[in-house]
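As a plain string of letters, each chain reads:
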Amino acid sequence: PPVSLIGVPTDIGAGHRGASLGPDALRIAGIGQALAARGVDVLDTGNLAGPPNPWQPPVGGYRHLEQVVEWNRALMQATLAELRRGRMPVMLGGDHCLAIGSIAAVAQHCRQAGKKLRVLWLDAHADFNTSEVTPSGNVHGMPVACLCGIGPDALTRLGGEGPAITPAQVRQIGIRSVDPEEKRLVKQHGLDIYDMRYIDEVGMKAVMQQALEGVDADTHLHVSFDVDFLDPGIAPGVGTTVPGGVNYREAQLVMEMIADTGRMGSLDIVELNPVLDNRNATAELAVDLVESLFGKSTLMRD
Ligand code: ARG
Ligand code: MN
Ligand code: MN
Ligand code: MN
């Protein structure tokens with residue numbers, strides 16, 4: 001399908017400044033040209049506008065909640081508009097709080113179209129914190145909980161009544177940093193997590209086969225790609241690096257196996273922070289992996 005790039009230049013949910021420069025870093029790394037070279041009809045809709053980052057400490061367990069809500073309202077509308085035009089929205093983040101708005105829109109669209117939604121959450125973190133247990137107050141550590149209905153009304157009801165998704169629709173891959181209370185919540189809600197230990201033990205191919213099980217012609221696959229999923233050795237340009245991440249070949253396999261399904265209907269690329277990088281190498285790596293997501297293959301037998 002045709003693709004619409006949606007720039008979401010904000011670091012409102014993060015604990016470091018700089019993810020707001022992510023959209024341009026991805027453009028400079030050639031994301032539009034790379035997709036066009038794949039034969040994709042790609043339209044860059046530009047950057048969304050939203051409130052500036054006031055850089056205040058958390059209040060009641062949330063940092064910048066009001067601004068997070070405003071950004072996500074705007075993104076939800078923009079995402080819905082592209083889906084209704086029959087275009088695949090690709091979010092150029094921006095910090096991971098933006099997945100609240102993008103996925104709320106995707107979930108609403110799937111309900112109306114009678115499609116099943118599966119969310120692949122590629123991340124070092126589970127992002128399942130609440131205001132009671134968050135160690136930071138940063139809302140980029142909370143989007144999965146909010147989407148599952150656990151969080152402030154303004155975020156859990158962004159897409160209308162009821163939660164956008166249930167934990168059963170989510171598969172998390174690459175996880176290796178979960179806060180103690182967050183771990184309890186994740187277990188309580190039965191989230192399907194393929195953590196690094198499991199990836200090491202069974203291998204990425206088996207992990208992806210399991211994570212994609214049941215994805216069929218009626219499934220809309222939403223990929224939420226937090227760049228800190230990758231090992232910091234190859235992707236230093238993120239605010240919350242965690243050692244022991246996914247290596248280059250594993251990441252390529254993940255993207256290729258997603259592409260093979262032919263079911264990806266929307267994509268977030270988040271947490272890229274070019275301030276923490278030099279030569280824009282992390283953005284270039286992200287674009288390289290996105291090419292694979294869109295079917296670029298090194299195989300001789302394709
Ligand atoms: N668990 C930590 C927190 O809640 C880190 C979250 C990092 N999230 C992210 N999207 N990078 O503060
Ligand atoms: Mn993360
Ligand atoms: Mn994340
Ligand atoms: Mn490439």
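No experiment lies behind these values; they were computed from the predicted model shown.

## Remarks on the packing of helix 9 (residues 204-211) against helix 10 (residues 248-261)
- The geometry of helix 9 relative to helix 10 is characterised by a closest axis approach of 10 Å and an angle of 30 degrees between their N-to-C directions. Comparing the axis directions of helix 9 and helix 10 gives the class roughly parallel. Considering how the two elements wind past one another, helix 9 and helix 10 form a crossing that is right-handed. Across the interface between the two elements, Met204, Lys205, Met208 and Gln209 of helix 9 pack against Glu250, Leu253, Val254, Met257 and Ile258 of helix 10.
- When its residues are assigned to classes, the contact of helix 9 with helix 10 shows 6 nonpolar, 1 polar and 2 charged.

## Regarding unusual backbone geometry
- Gly94 follows Gly93 through a cis peptide bond whose omega is 15 degrees.
- With phi around 75 degrees, Glu271 is a residue other than glycine that occupies positive phi space.
- Given a relative accessible area of 4%, Glu271 falls into the buried group.
- Residues other than glycine seldom take positive phi values, yet Asn280 does so here, at roughly 60 degrees.
- The exposure class assigned to Asn280 is buried, which follows from its relative accessible area of 15%.

## Observations concerning a nonpolar patch on the surface
- On the surface, Leu21, Val275 and Leu276 cluster together into a nonpolar patch covering about 260 Å² of accessible area.
- One can find Leu21 in the loop between strand 1 (3-8) and helix 1 (22-28).

## What to know about the environment of Asn273
- Mapped onto the elements of the fold, Asn273 is located in the loop between strand 8 (264-270) and helix 11 (281-293).
- Sequence separation of Asn273 and Asp95 is 178 residues, and the distance between their C-alpha atoms is 8.8 Å.
- The residues touching Asn273, leaving out its near neighbours within four places in the chain, are His16, Arg17, Gly18, Ala19, Gly237, Val238 and Gly239.
- There is a polar contact of 3.0 Å between the side chain of Asn273 and the backbone oxygen of Arg17.
- A distance of 3.0 Å separates a polar atom in the side chain of Asn273 from the backbone nitrogen of Val275.

Scoring rules and cut-offs
Residues numbered from 1 in each chain as written. Chains lettered and ligands numbered in written order. Predicted model: local features only at pLDDT ≥ 70, side-chain atom pairs only at ≥ 80, totals over all residues. Heavy atoms only, no water. Axes fitted to C-alpha atoms, helices over the stretch in contact; angles between N-to-C directions. Helix = DSSP H or I, 4+ residues; strand = E, 2+ residues; numbered from the N terminus. Parallel < 35°, antiparallel > 145°, perpendicular 65-115°, else oblique. Left-handed = near helix turned anticlockwise from the far one by under 90°. Contact = heavy atoms within 4.5 Å. Nonpolar A, V, L, I, M, F, W, Y, C, P; charged D, E, K, R; others polar. Buried < 20%, exposed > 50% of the residue type's maximum accessible area, 1.4 Å probe, protein only. Patch = residues over 30% accessible without salt bridge, like charges linked within 9 Å, V, L, I, M, F, W, Y side chains within 5 Å. Areas by Shrake-Rupley, 256 points an atom, 1.4 Å probe, with all protein chains shown as cover. Salt bridge = Lys/Arg side-chain N within 4 Å of Asp/Glu carboxyl O. Polar contact = N/O pair within 3.5 Å; in protein donor to acceptor, adjacent residues only side chain to side chain.

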